[in-house]
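Architecture at a glance
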Amino acid sequence: MALQSTPNHTQTVSGWAAHDSSGKIVPYIFKRRENGVNDVTIKVMYCGICHTDLHHVKNDWGITMYPVVPGHEITGVITEVGTNVKNFKIGNRVGVGCLAASCLECEFCKNLQENYCDQIQFTYNGIFWDGSITYGGYSNILVADHRYVVNVPDNLPMDGAAPLLCAGITVFSPMKDCRLLESPGKKVGIVGLGGLGHVAVKMAKAFGHHVTVISTSPSKEIEAKQRLGADCFIVSTNDEQMQSGKRALDVILDTVSAHHSLGPILELLRVNGTLAVVGAPGRPMELPSFPLIFGKRAVKGSMTGSMKETQEMLDVCGKHNITCDVEVIKPDQINQALDRLAKNDVRYRFVIDIAGNFKL
């Protein structure tokens, strides 16, 4: 494997990896690169478990390079800083999300939209600039280029902040794109009340909007309204509720990763409304033409966010005291957590206590 033949990969690291499509996670000792001039070394404190991790360990998308060390919702403390790094110091509380490297030269990299660089490489299961395979946050140490690291506000707990590095930025970016940060009073719909959806509700309420949760689960209504602050709740399998909700919403964020049709959701939008898709079902979505045409509606996608947006998102979360609702687990519980995640049995994000495993 490329990683083993890279000369400067001499730091021995403890982590957890899947070695085949069974997806079973086991302890794994591997090598990371030495801290370079543009790098920071991070003692990993916590790492969230994202649905993407589940897809990768089981090779659902056919792109996994085994062994895979997942994890792209990482918080930790800097222990070493490269000589070219001026914006971070030893002891800083920091986060690393989905991005590990980009070309630095294209129009998107130069315009602070490096998440759309066509040579983007991810925090795990990617190929770094030196040709090595990237290994993620299910490990006690991470070495990251400082351009893909962000500061975590002091008032945010490191466990509740970890999933913001993926789930948080994934919903923040389209909200910003739809001008929801600067124009309160809109009617916003959130489809799905999982890891992404629950933080989307918190953000939309913090930004001053009327929030409707659209879910297949009637049992989530009380939690959506009483705990997360949603104003309305629509059961998407209830035809009467869907009918009464037509043409009511300005913007909808669809966070659902299960296969579903966009047609009924589009009907909930006002004329000129926007549906932003951030969930990633394995099969193509159904997109009927008539709800688009007769409502002059738009459907757009959004993929994580830039590093500048990610820092802005964390600063906004610090200002409004927004964190993810998490269930903290130990590393030896990762497999059970992945099984439960596959059944949507989590409120609302598993977070691994990495550092706790290495306490003397």
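Residues numbered from 1 in each chain as written. Predicted model: local features only at pLDDT ≥ 70, side-chain atom pairs only at ≥ 80, totals over all residues. Heavy atoms only, no water.

**Considerations on the overall build of the protein chain**
Looking only at helices and strands, the protein chain has 11 helices and 17 strands in total. For 360 residues, the compact-globule estimate of 2.2 N^0.38 gives 21 Å, and the C-alpha radius of gyration of the protein chain, at 20 Å, lies within 12% of that figure. C-alpha extents for the protein chain along the principal axes are approximately 60 × 40 × 35 Å. Each of the 360 residues in the protein chain was classed as buried or not, and the buried ones make up 54%. Looking at the protein chain alone, contacts between residues at least 24 apart form 67% of all its contacts between residues at least 6 apart. With an accessible surface of roughly 15,500 Å², the protein chain has 51% of that area assigned to carbon and sulfur atoms. The averaged location of the 35 negative side-chain charges in the protein chain is 4 Å from the averaged location of its 35 positive side-chain charges. (Helix = DSSP H or I, 4+ residues; strand = E, 2+ residues; numbered from the N terminus. Rg over C-alpha atoms; globule rule 2.2 N^0.38 Å. Buried < 20%, exposed > 50% of the residue type's maximum accessible area, 1.4 Å probe, protein only. Contact = heavy atoms within 4.5 Å. Areas by Shrake-Rupley, 256 points an atom, 1.4 Å probe, with all protein chains shown as cover. Lys, Arg positive; Asp, Glu negative; His and termini not counted. Charge placed at Lys NZ, Arg CZ, Asp CG, Glu CD.)

**As for helix α4 (residues 167-177)**
By the criterion of burial, α4 is predominantly enclosed, with nine of the 11 residues buried. Directly after α4, the chain includes Arg 179, whose backbone phi takes a positive value near 65°.

**Concerning the nonpolar core**
Ranked by size, the top nonpolar core spans 52 residues in total, and within it Leu 164, Met 175, Ile 190, Val 201, Met 203, Leu 253 and Met 313 carry the most contacts. Put simply, the parts of the chain that give this core at least two residues each are α3 (158-161), α4, β10 (187-191), α5 (195-206), β11 (210-215), β12 (232-235), β13 (249-254) and α10 (307-320). When residues of this core are assigned to their parent elements, the largest contribution, six residues, is made by α5. Built from parts of two domains, this core gets at least three residues from each of domain 1 (11-163 + 325-353) and domain 2 (167-301). Setting aside anything within four residues of it in sequence, one finds Val 201 in contact with Ile 190, Leu 193, Val 211, Val 213, Leu 228 and Ala 230. (Core = buried A, V, L, I, M, F, W, Y, C linked by side-chain atoms within 4.5 Å. Domains from an automatic or database assignment.)

**Quick look at the packing of aromatic side chains**
Under the defined criterion, the tally for this structure stands at seven aromatic pairs. Taken together, a centroid distance of 5.0 Å and an interplanar angle of 45° make the contact between Phe 128 and Trp 129 tilted. Ring centres 6.4 Å apart and planes at 70° place the aromatic pair Phe 172 and Phe 207 in the edge-to-face group. Here Phe 172, found in helix α4, pairs with Phe 207, found in the loop between α5 and β11; they are 35 residues apart in sequence, far enough to count as distant. On the basis of relative accessible area, Phe 172 is assigned to the buried category, the value being 0%. (Phe/Tyr/Trp six-rings, centres within 6.5 Å; stacked < 30°, edge-to-face > 60°.)

**Here we look at the sheet that holds β10**
The sheet built from six strands is open, its strands ordered β12-β11-β10-β13-β14-β15 with parallel pairing. Since the sheet does not close on itself, it has two edges, and those belong to β12 and β15 (298-301), each with one partner. Strand-to-strand twist across the sheet, computed as the mean angle between neighbouring axes with direction ignored, equals 20°. Here four bridges tie β11 to β12, and the two strands are oriented parallel to one another. The partner of Ser 215 across the bridge, within β12, is Val 235. (Pairing = 2+ DSSP bridges. Axes fitted to C-alpha atoms, helices over the stretch in contact; angles between N-to-C directions.)

**A short note on a nonpolar patch on the surface**
A contiguous nonpolar patch, built from Phe 290, Ile 293 and Phe 294 and spanning about 400 Å² of accessible area, is present on the exposed surface. If you trace the backbone, Phe 290 turns up in helix α9 (residues 289-295). Residue Phe 290 is classed as exposed on the basis of its relative accessible area, which comes to 57%. (Patch = residues over 30% accessible without salt bridge, like charges linked within 9 Å, V, L, I, M, F, W, Y side chains within 5 Å. Salt bridge = Lys/Arg side-chain N within 4 Å of Asp/Glu carboxyl O.)

**Concerning the pairing of strand β2 (residues 25-32)**
Pairing geometry for strand β1 (residues 11-18) and β2, over eight bridges, is antiparallel. The residue bridging Ala 18 from the neighbouring strand is Ile 25, located in β2. A loop of six residues connects β1 with β2, the two strands running antiparallel in sequence, and Gly 23 in this loop sits at a positive phi of about 80°.

**Things to note about the domain arrangement of the protein chain**
A common way to express how large an interface is: the accessible area buried when the components associate. The domain architecture assigned to the protein chain consists of domain 1 (11-163 + 325-353) and domain 2 (167-301). Of note, the centres of domain 1 and domain 2, computed from C-alpha atoms alone, are 28 Å apart. Across the boundary between the two partners, domain 1 contributes seven residues, which contact 13 residues of domain 2. Interface area, domain 1 with domain 2, both sides summed: about 940 Å², of which 43% is carbon and sulfur. With a shortest N-O distance of 3.1 Å, Asp 325 and Arg 227 are connected by a salt bridge. Here the residues of the side of domain 1 that touches domain 2 sort into two nonpolar, one polar and four charged. (Buried area = accessible area lost by both parts, 1.4 Å probe. Nonpolar A, V, L, I, M, F, W, Y, C, P; charged D, E, K, R; others polar.)

**Quick notes on the UniProt feature "domain: Enoyl reductase (ER)" (unreviewed entry) in the protein chain**
UniProt's entry tags residues 18-352 with the feature "domain: Enoyl reductase (ER)" (unreviewed entry), counted in the numbering of this structure. Between the end C-alpha atoms of residues 18-352 the distance is 16 Å, and the span holds 25% helix and 26% strand. (UniProt positions renumbered as here; feature names shortened; annotations may be inferred.)

**Some remarks on unusual backbone geometry**
Here the residue pair Tyr 66 and Pro 67 is connected by a cis peptide bond, since its omega of -5° sits within 30 degrees of zero. Following the sequence through the fold, Pro 67 ends up in the loop between α1 (51-57) and β4 (74-81). With omega at -10°, the peptide bond leading from Arg 347 into Tyr 348 counts as cis. Mapping Tyr 348 onto the fold places it in the loop between α11 (334-342) and β17 (349-353). You will see that Asn 272, though not glycine, has its phi angle at about 75°, which is positive.

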